[in-house]
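As a plain string of letters, each chain reads:
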Amino acid sequence: MGFSGFSISIIVLVFFVVILLFKGIKTVPQGYNYTVERFGRYTKTLTPGLNILNPIVERIGAKMNMMEQVLDVPTQEIITRDNAIVGVDGIAFFQILNAAQAAYQVSGLQNAILNLTMTNIRTVMGSMDLDELLSNRDAINERLLRVVDEAAHPWGIKITRVEIKDINPPANLIESMGRQMTAERNKRAQILAAEGLKQSQILEAEGRREAAFRDAEARERSAEAEAKATQVVSEAIAKGDVQALNYFVAQKYTEALTKIGSATNSKIVLMPLEASSLIGTLGGIGEIAREVFKGDGSSGTQRQASRPPVVKPGDN
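First, a word on what this report is: a plain description of the structure on this page.

Definitions and cut-offs
- Residues numbered from 1 in each chain as written.
- Predicted model: local features only at pLDDT ≥ 70, side-chain atom pairs only at ≥ 80, totals over all residues.
- Heavy atoms only, no water.
- Helix = DSSP H or I, 4+ residues; strand = E, 2+ residues; numbered from the N terminus.
- Buried < 20%, exposed > 50% of the residue type's maximum accessible area, 1.4 Å probe, protein only.
- Contact = heavy atoms within 4.5 Å.
- Areas by Shrake-Rupley, 256 points an atom, 1.4 Å probe, with all protein chains shown as cover.
- Core = buried A, V, L, I, M, F, W, Y, C linked by side-chain atoms within 4.5 Å.
- Pairing = 2+ DSSP bridges.
- Expected span 1.5 Å × (residues − 1).

**Some remarks on the overall build of the protein**
Move 1: Regarding its fold elements, the protein presents 9 helices and 8 strands.
Move 2: Here the protein, with 316 residues, has 24% of them falling under the buried criterion.
Move 3: Sequence-distant contacts, at least 24 apart, represent 62% of the contacts inside the protein between residues at least 6 apart.
Move 4: Accessible area of the protein: about 22100 Å², with a carbon and sulfur share of 58%.

What follows is the structure, given as structure tokens:
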């Protein structure tokens, strides 16, 4: 059975409609947005999922990745404010928020972000000294993020992070910094040693002052006691009591003998001693003891009568 011209036309039309349907159905993967152009002009944005287009007048324009992306910033040389030349590289993270702006506001989005980041790195770090670069990375990263994000905002993107990876000074500058660090540490060590010596000398002086004060106080009390004893003996002699004088002389006599006997270089002591004088001195000490410890009058008289008479010096 042959086909007529009309049948063939219907078949061709159905086939064309099927092709148009397949061309008009677009599936957008997760994390992407597609822009749609009608006669070359942007009309809408396709979101992830199943979308239907008019394939006759509409077509897909740009396929934009909406996920956060990373951009490696290559190494570049920067002249700091104090004329030091350093090599700096970094990394930038960005995310497209508006697919239409990212597709039609700038040509070559990643290249634009890269050049914008490198330019601002030179601007920000070139206005700082080398010491500030090495010690204030957080402040540098924060300032770069703020400047680059503000500049890239019309492109429909968000700069989420800008990080400086490495700062590489030249070899001779690193050597100079090492010598400077060593000198600074030696300086701190000398200051600490001097401070410790100062404190030890202060403590030693305070110890000597305290010892001298206590020695002076002890000598003062000893002198007061000596003066008091001398005064008591003087008063006893003034009252006619020679026994107190005998006790005082015997005490000094005994102390002198004790010092002579305790000397390390004294083995044998030969001294002419007058026996009667020593006996008289001891007799004076005994007489004082009897006067101090005597009880009532009668018992005291009996004890005194029962004791032998005291032999005084010069009576024998």
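**Comments concerning the nonpolar core**
Move 1: Judged by nonpolar contacts, the single largest core of 37 residues is most densely connected at L109, M125, W155 and I157.
Move 2: Elements with a contribution of two residues or more to this core: β5 (58-65), β6 (69-79), β7 (85-96), α2 (99-104), α3 (109-126), α4 (130-135), α5 (137-152) and β8 (157-168).
Move 3: A per-element tally of this core places α3 first, with 9 residues.
Move 4: Every residue in contact with L109, bar those within four places of it in the chain, is listed here: F94, I96, A102, W155 and I157.
Move 5: Among the nonpolar cores identified, the runner-up in size contains 6 residues, and V28, L46, L53 and I60 belong to it.

**What about the pairing of strand β3 (residues 41-46)?**
Move 1: The pairing of strand β2 (residues 32-38) with β3 spans 5 bridges and is antiparallel. The partner of T35 across the bridge, within β3, is T45.
Move 2: Connecting β2 to the next strand, β3, in antiparallel fashion are 2 residues, including F39 with a positive phi near 55°.

**Things to note about α3**
Move 1: The terminal C-alpha atoms of α3 lie 26 Å apart, and with 18 residues this matches the ideal 26 Å at 1.5 Å per residue to within 8%.
Move 2: Residues of α3 that are buried sit in contact with β6, β7, α2, α4, α5 and β8.

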